[in-house]
Amino acid sequence: MTALAGDIAQPVEAATVMRLLPTRPRLLALGEPTHGDDVLLELRNDLFRQLVEQEGYRTIAIESDCLMGLVVDDHVTSGTGVLDDVVERGFSHEWGAFPGNRDLVRWMRAYNDGRPAAEQVRFAGFDGPLEITGAASPRQALTALHAHLAARVDAALLPCTAETLDGLLGADDRWTDPAAMRDPSRSVGRTPDAVALRLLADDLVALLDAQAPRLQASSAPEDRDRALLYGRTATGLLRYHSWMADTSPGRLAWLLGVRDSMMAANLLALADRGPTLVSAHNGHLQRDQSTMRMGGGPVEWWSAGAIVSARLGEQYAFLATALGTIGHRGVGAPPPDTLEGLLYALPQERGLVDARRLAAALADATPAPRVSPWYGYSPLDPASVAGTDGIAFVKDAGRGQALPHGDATA
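Cut-offs used in this document
Residues numbered from 1 in each chain as written. Predicted model: local features only at pLDDT ≥ 70, side-chain atom pairs only at ≥ 80, totals over all residues. Heavy atoms only, no water. Helix = DSSP H or I, 4+ residues; strand = E, 2+ residues; numbered from the N terminus. Buried < 20%, exposed > 50% of the residue type's maximum accessible area, 1.4 Å probe, protein only. Contact = heavy atoms within 4.5 Å. Core = buried A, V, L, I, M, F, W, Y, C linked by side-chain atoms within 4.5 Å. Lys, Arg positive; Asp, Glu negative; His and termini not counted. Salt bridge = Lys/Arg side-chain N within 4 Å of Asp/Glu carboxyl O. Polar contact = N/O pair within 3.5 Å; in protein donor to acceptor, adjacent residues only side chain to side chain. Domains from an automatic or database assignment. Buried area = accessible area lost by both parts, 1.4 Å probe. Nonpolar A, V, L, I, M, F, W, Y, C, P; charged D, E, K, R; others polar. Pairing = 2+ DSSP bridges.

If you look the protein chain up in an unreviewed UniProt entry, it shows as Erythromycin esterase family protein from Geodermatophilus sabuli.

Next comes the structure, spelled out in structure tokens:
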């Protein structure tokens, strides 16, 4: 296979990224092929700092629990809390322990210190309150949404009382039973209480919409944004729990699709607020249809990136990240006939590759797919190159930490 020209890779910098794109997108996403690696997080942090300072991006969204992320946002905008506690309570999947995430929060707080609110950079989690082993109780989102409305609209319009919600929700641990992921009969998602909660959540969200003029006059924009977030999260969680209780062949595809749909809805809301940078696994950001082997067969669904791209067009941009080695995980130098092997042969330790130039260079010979010896790393599919706006390549990684929950694409 023909080697790539050495000048195909440029420095991974804000100016280089902008030259790849037809316009400054409202959502600019940087994917990663594995979670938690220090080198990849350092690359992300360096690039995001430049994009904030030079290109005016004002939100950084991370693949983490959207409700927990409110703790981090409060800290970086107002200084609430201390760093150790904030990263422990503000990131899901135990990702607050990763030095790169702590460094990002520390920098955001320092950047915002003394700046007016309009110039501050905000933090957001955009994943649902979900783990590979299950999903959270909808209690936090539902009760917060109800409280927001109860404080601002006529009580006669509320579809239920807070006490009714509490009784239907019951104990939180019945929602979070990890056995329900593999055994639908253990899920409470289609019990009479859960069905009633889905109807009430739908009515609460409808009331939020119907009372928009009153709420706009009586609520700060920040409060309205959070109420909408609570509504999206409550309805999404209840839908997810419902499909956990399903026994049809489409169960897993629905679960994966609901999760990415929740991600997409949160990203679209952030894009409405202003220019946003996004960090997540390549698999959640790609434009192509996602495929995974689960439950004995292939499962297909559309990722958050694919959904957002369909809505925003050129206002969504996706840079995938590829890497060569992860020494401590047994991922050695890639075979030369793979996409990563071609990139590994370039002289740069890291670089940004124009996807159009790369696709043209590969037109006569499609690279072989790389097979990873470690489940936590997902090589790029050579066929997906055309669906990216660029590829950031890192020759050697491997200073990261173990995935706390054993999920390659969480």
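Text resumes after the structure shown.
Caption draft 1: View of the overall build of the protein chain. If you tally the helices and strands in the protein chain, you get 15 helices and 12 strands. Oriented by its inertia axes, the alpha-carbon framework of the protein chain measures out at about 70 × 55 × 40 Å. Taken over 410 residues, the protein chain has a buried fraction of 55%. Contacts in the protein chain between residues at least 24 apart in sequence constitute 80% of all its contacts with a sequence separation of at least 6.

Caption draft 2: Representation of the nonpolar core within the structure. Core analysis: the largest hydrophobic core is formed by 47 residues, its most contacted members being V17, L28, L51, I60, F91, M108 and L277. The element contributing the most residues to this core is helix α2 (residues 38–55), with eight residues. Contact partners of I60, with chain neighbours within four places excluded, come to F48, V52, L104, W107, M108, V121, R122, F123, A124 and L277.

Caption draft 3: Quick peek at the side chain of R44. Topologically, R44 is positioned in helix α2. Among buried charged residues, R44 stands out as having no salt bridge; its nearest opposite-charge side chain is E32, 5.7 Å away. A polar contact is formed between the side chain of R44 and the side chain of N101, at a distance of 2.9 Å. If sequence neighbours within four positions are ignored, R44 has contacts with L30, I62, G100, N101, L104 and S279.

Caption draft 4: Examining the domain arrangement of the protein chain more closely. Domain boundaries assigned for the protein chain yield domain 1 (1–57 + 275–397) and domain 2 (135–263). Carbon and sulfur atoms supply 75% of the area buried between domain 1 and domain 2, which totals about 750 Å² over both sides. On inspection of domain 1 and its partner domain 2, the count reaches zero salt bridges. When contributions to the side of domain 1 that touches domain 2 are tallied by element, the ones reaching two or more residues are β9 (297–302) and α13 (304–312). The biggest single contributor to the side of domain 1 that touches domain 2 is β9, with four residues. Broken down by class, the residue content of the side of domain 1 that touches domain 2 amounts to six nonpolar, three polar and one charged.

Caption draft 5: Region of the structure containing the environment of G330. Counting through the fold element by element, G330 comes out in the loop between β10 (316–326) and α14 (339–344). Using a relative accessible area of 53% as the deciding quantity, one classes G330 as exposed. Placed 286 residues apart in sequence, G330 and R44 show a C-alpha to C-alpha distance of 23 Å.

Caption draft 6: Here's a closer look at the sheet that holds strand β4 (residues 122–127). Pairing is mixed in the open sheet, where eight strands are placed in the order β1-β11-β12-β10-β2-β7-β3-β4. Whereas interior strands pair on both sides, the edge strands pair on one side only; in this sheet they are β1 (9–10) and β4. Sheet analysis places β10 next to strand β12 (residues 390–397), joined by seven bridges and oriented parallel. Looking at β12, one finds that A322 is bridged to F393.

Caption draft 7: Here's a closer look at the pattern of salt bridges. Overall, the coordinates contain 22 salt bridges when judged by the stated rule. The closest approach of N and O atoms between R122 and D73, which form a salt bridge, is 2.8 Å. Of this pair, R122 sits in strand β4 while D73 sits in helix α3 (residues 69–78), and the two are 49 residues apart along the sequence. This pair shows no difference in class: R122 is buried, exactly as D73 is. Its salt-bridge partner being R190, residue D246 comes within 3.2 Å of it at the nearest N-O pair. With a gap of 56 residues between them, D246 in the loop between α10 (221–244) and α11 (251–273) and R190 in the loop between α7 (162–169) and α8 (192–210) connect regions that are remote in the sequence. Three or more residues joined by partner-sharing salt bridges are found here, namely D73, D74, R122, E222 and R226.

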